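# An overview of the molecular structure
One letter stands for each residue in the lines below.
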Amino acid sequence: MGPRIVLLGVPGAGKGTQGRRLGERYGVPLVGTGEILREAVTARTPLGLRVQERLEQGLLVSDEIMIDLVAERMSRADVRAGFVLDGFPRTLPQAAALDRLLGERDLGLHVAVYLSAPVEVVAARLATRLECPVCRRTYNPTGAEPARAGLCDNDGAALVARKDDDPVSVHQRIDVYFRETEVLRDYYRGSGRLVEVDGDRDPDTVFAALAAALDGAVAAGRNGR
Ligand code: AMP
């Protein structure tokens, strides 16, 4: 059985990049709620049409929609082995719902990772971030550039900027983070499940620190449950 991990941090802290690597390390799926929503928008599904405006403005989608979406995702077979959750929970009701959902299956989270990074650093990262439209991997000129400029290392697709990485939405998303999501640090710290890692370093250094912190926490969590 693999670990159950939640990633926390301001947009641009590196949750997607590190989450992908953690998923590979522990052999569990990375579940990114932002990514699921962006795919729904692109495919113009009923969900996508409902949430498109909120996404583009950098505002949160309602707890009700998000909790239903994650409940459905958590009922699939692949997450029985564990998961890395990126982008959920983002509010206290979502965090409580996740605990409830896992509790119904006699499971718990092993650890919530808080990736810290100064606001000026994440704002600069988001302003220059590019994403692969096929595999959703993200790239950045500061330490995470692709091998061939403008093309994804995995599949060679042309990289694009996310619509909500424009300066107005970035500002909004950072504001929303401090208003709604930062409180989750205390939520998980209070229940002894928080691991804090400095995300203001190059991706390899951050990953080494994460792996060192998580191997212990995951093993302890497994023994405790
Ligand atoms: P992300 O890719 O995590 O930055 O998410 C992109 C956008 O998807 C956010 O700005 C929100 O509009 C929406 N979103 C993703 N996850 C959630 C969530 N757990 N609660 C509310 N909105 C979300």
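Structure: see above.
Right, let's walk through the structure included here. Just so it is clear, the structure is predicted and the values come from calculations on it, not from any experiment. (Residues numbered from 1 in each chain as written. Predicted model: local features only at pLDDT ≥ 70, side-chain atom pairs only at ≥ 80, totals over all residues. Heavy atoms only, no water.)

### Quick look at the overall build of the protein
- Looking only at helices and strands, the protein has 9 helices and 7 strands in total.
- Taken over C-alpha atoms, the radius of gyration comes to 17 Å for the protein, in line with the 17 Å a tight globule of 225 residues would show.
- Based on the C-alpha atoms only, the size of the protein along its principal axes is roughly 45 × 40 × 30 Å.
- Going through the 225 residues of the protein one by one, you find that 48% of them count as buried.
- Of the contacts formed within the protein by residues at least 6 apart in sequence, a portion of 71% connects residues at least 24 apart.
- Accessible area of the protein: about 10,700 Å², with a carbon and sulfur share of 53%.
- Each charge sign in the protein was given a centre, from 30 positive and 32 negative side chains, and these centres are 3 Å apart. (Helix = DSSP H or I, 4+ residues; strand = E, 2+ residues; numbered from the N terminus. Rg over C-alpha atoms; globule rule 2.2 N^0.38 Å. Buried < 20%, exposed > 50% of the residue type's maximum accessible area, 1.4 Å probe, protein only. Contact = heavy atoms within 4.5 Å. Areas by Shrake-Rupley, 256 points an atom, 1.4 Å probe, with all protein chains shown as cover. Lys, Arg positive; Asp, Glu negative; His and termini not counted. Charge placed at Lys NZ, Arg CZ, Asp CG, Glu CD.)

### Points about the packing of helix 6 (residues 119–128) against helix 7 (residues 167–181)
- Closest axis-to-axis distance for the helix 6/helix 7 pair is 10 Å, and the angle between their directions is 140°. Between helix 6 and helix 7, the angle falls in the class oblique. Note on packing geometry: the crossing formed by helix 6 with helix 7 is right-handed. Of the residues in helix 7, those in contact with Val119, Val122, Ala123 and Leu126 of helix 6 are Val170, Arg173, Ile174 and Phe178. (Axes fitted to C-alpha atoms, helices over the stretch in contact; angles between N-to-C directions. Parallel < 35°, antiparallel > 145°, perpendicular 65-115°, else oblique. Left-handed = near helix turned anticlockwise from the far one by under 90°.)

### Some details on the site of the ligand
- Around the ligand, the structure places 16 residues, and the nearest of them are Thr33, Arg38, Leu59, Gly87 and Gln94.
- Protein chains shield 95% of the accessible area of the ligand, which is 480 Å² for the free molecule.
- For the shell around the ligand, the leading source of residues is helix 2 (residues 33–42), giving 4 residues. (Near = heavy atom within 4 Å.)

### So, the pairing of strand 1 (residues 4–8)
- Along strand 1, 5 of the 5 residues are buried, which leaves the element largely enclosed by surrounding structure.
- Covered by surrounding structure in strand 1 are Arg4, Val6 and Leu8 together with Ile5 and Leu7, the residues of both alternating faces.
- Summarising the sheet, strand 1 and strand 4 (residues 111–116) pair through 4 bridges and their orientation is parallel. Bridge pairing in strand 4 places Val6 opposite Ala112. (Pairing = 2+ DSSP bridges.)

### Examining helix 3 (residues 46–57)
- Along helix 3, the positions that sit buried rather than exposed are Gly48, Val51 and Leu55. For helix 3, the arc enclosing every buried residue in end-on projection is 90°, short of the 170-degree limit, so these residues lie on one face. Exposed and facing more than 90 degrees away from the buried side of helix 3 are Pro46, Arg50 and Glu53.
- In this structure, the buried side of helix 3 is in contact with helix 2 and helix 4 (63–74).
- Gly58, located one to two residues past helix 3, shows a positive phi value of around 80°. (Arc of directions from axis to C-beta.)

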